[in-house]
Amino acid sequence: MVYFYIILILAIVNLAAGTEPDLNSLGWEELIALKRKLSGELKELTDKIIDIDRNQFHSLTGSIKEQRSALDSNTERLKQIRAEVEKHNASLLAISEKISQSKNFLSMMEARLPSEKEEELHTIVQSNQALIDSKDYKSEREKNEIMSRVKDASMKLEAVKATRTIKEQFAQLSHESASVSSLIKQLDDERDSLRSKIGEINSTLDVLYDSKRKMGAERETHLARYDSIAKQFDSINARLDSMAEMRRKQREEYGYNLPSDALFKVKEEARKKLESGSKLSFEEMKLLYGEKD
């Protein structure tokens, strides 16, 4: 019994070390115990491979798909922002040109504005126009003077009105410029935020892809180990079948009073010696060729 456990422990140590034990050195019970051990390992490896295929790979693939979707969405929004900023910059440039034109016009006009107030100029135009309409003048010369005053006051009024209009336009353009500049700033801030998110997503994807590669390598390792154990499992079954057949022949030849697999082992050793060309003893010859005591 002690010998049996020693053999089994050595077989298990060989398995743990990745080397296959010498099946020819193991008896029936040791082989059965080793087969049971390998069966448990095969089940454990099967569970690991199934867990990778059904759970871990599925979870990783879902996470990668989610991150890719977020990356595509943020990248698309980044393109939209770039186009919007270009459009607003063009609009801002056009507004800036109009503001510059308005400033130049105001600079020129303000130096030429009349000293009279607008209301005063209106009064001059109305009162002198009334004189002309009522023909309240004494001579043609006086009429021309009145008309000249009307024309002069009217021109001054137009200048005042034009200046006021340009000032209003300038204020409106300044407001539009501020609004567009604010919008561009918001877009720039959003763009910076998106770039940061895209960087984080790419980092996350790198980790996920690396995990997927490692998981694939782990799966291949499990598969290789599974194939190795399955081959050893088949070898054990073949060995057990051979021993069972030998036992059957032993029972037919020698009856049931045989200790364990001792005779089987001795007979196999004799066969090996014969195959290698070594000389057999008389007892080995009797055992190998089926002669009874």
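Residues numbered from 1 in each chain as written. Predicted model: local features only at pLDDT ≥ 70, side-chain atom pairs only at ≥ 80, totals over all residues. Heavy atoms only, no water.

**Student:** Where do I start with helix 2 (residues 28–110) in this structure?
**Tutor:** A turn of α-helix holds 3.6 residues, and therefore any two residues three or four places apart point the same way. Between its terminal C-alpha atoms helix 2 stretches 117 Å, which fits the 123 Å expected from 83 residues at 1.5 Å a residue. If you look at helix 2, its biggest bend is around 40°, right at Ile 52. (Helix = DSSP H or I, 4+ residues; strand = E, 2+ residues; numbered from the N terminus. Expected span 1.5 Å × (residues − 1). Bend = angle between axes of the 7 residues up to and from the residue.)

**Student:** In this structure, what is going on with the pattern of salt bridges? I would like to understand it.
**Tutor:** Inspection of the entire model under this criterion finds 15 salt bridges. For Lys 185, the salt bridge goes to Asp 189, with nearest N and O atoms at 3.1 Å. Placement of the pair is Lys 185 and Asp 189 together in helix 4 (residues 140–254), with a separation of 4 residues, close to one helical turn. Residue class for Lys 185 comes out exposed when judged on its relative accessible area of 52%. The class of Asp 189 is partly exposed, set by a relative accessible area of 40%. Asp 188 is the salt-bridge partner of Arg 191, the closest N and O atoms lying 2.7 Å from each other. Pair noted here: Arg 191 and Asp 188 are both in helix 4, with a separation of 3 residues, about one helical turn. Through salt bridges with shared partners, a single ionic network connects Lys 37, Glu 41 and Arg 225. (Salt bridge = Lys/Arg side-chain N within 4 Å of Asp/Glu carboxyl O. Buried < 20%, exposed > 50% of the residue type's maximum accessible area, 1.4 Å probe, protein only.)

**Student:** Explain the side chain of Asn 74 here, please?
**Tutor:** Relative to the helices and strands, Asn 74 is located in helix 2. Look past the residues within four positions of Asn 74 in its chain and what remains in contact with it is Leu 194, Lys 197, Ile 198 and Ile 201. (Contact = heavy atoms within 4.5 Å.)

**Student:** Whenever I open this one, the nonpolar core confuses me. Can you help?
**Tutor:** By size, the foremost hydrophobic cluster in this structure holds 15 residues, and its most contacted members are Leu 71, Ile 81, Leu 205 and Met 215. Put simply, the parts of the chain that give this core at least two residues each are helix 2 and helix 4. Ranked by residues supplied to this core, first place goes to helix 2 with 8 residues. Counting residues in hydrophobic clusters, the runner-up holds 12 residues, among them Leu 38, Leu 42, Leu 45 and Ile 229. (Core = buried A, V, L, I, M, F, W, Y, C linked by side-chain atoms within 4.5 Å.)

**Student:** How should I be thinking about the environment of Lys 117 in this particular structure?
**Tutor:** Mapped onto the elements of the fold, Lys 117 is located in the loop between helix 2 and helix 3 (118–133). Note on Lys 117: relative accessible area 59%, which makes it exposed.

**Student:** Explain helix 3 to me, please; I cannot follow it from the model alone.
**Tutor:** The terminal C-alpha atoms of helix 3, which comprises 16 residues, lie 22 Å apart, in line with the 22 Å expected from a rise of 1.5 Å per residue. Listed in full, the buried residues belonging to helix 3 are Leu 121, Val 125, Asn 128 and Ile 132. Along the axis of helix 3, the buried positions cluster into a sector of 85°, meaning they face one direction only. Exposed residues lying more than 90 degrees from the buried face of helix 3 are Glu 119, Gln 126 and Asp 133. Backbone geometry just after helix 3 places Lys 135 at a positive phi near 55°. (Arc of directions from axis to C-beta.)

**Student:** Teacher, can you tell me more about the confidence of the model for the protein chain here?
**Tutor:** Caution is warranted with low-pLDDT regions, since their predicted coordinates should not be read in detail. Of all residues in the protein chain, 79% have pLDDT values of 70 or greater, and the mean over the chain is 82. In this model, residues 1–18 is a region of pLDDT below 50 whose contacts with residues beyond four sequence positions or in other chains number 23 contacts. (pLDDT = per-residue confidence, 0-100.)

**Student:** What is the right way to read the environment of Ile 81 from this model?
**Tutor:** Here Ile 81 shows up in helix 2. By relative accessible area, Ile 81 is classed as buried at 0%. In sequence terms Ile 81 and Leu 187 are 106 residues apart; their C-alpha atoms lie 6.3 Å from each other. If sequence neighbours within four positions are ignored, Ile 81 has contacts with Leu 187, Glu 190, Arg 191 and Leu 194.

**Student:** How should the side chain of Asn 128 be read in this particular structure?
**Tutor:** With respect to the helices and strands, the residue Asn 128 is situated in helix 3. Among the polar contacts made by the side chain of Asn 128, one reaches the side chain of Arg 149 at a distance of 2.9 Å. With near-sequence residues (within four places) excluded, Asn 128 lies in contact with Ile 146, Arg 149 and Val 150. (Polar contact = N/O pair within 3.5 Å; in protein donor to acceptor, adjacent residues only side chain to side chain.)

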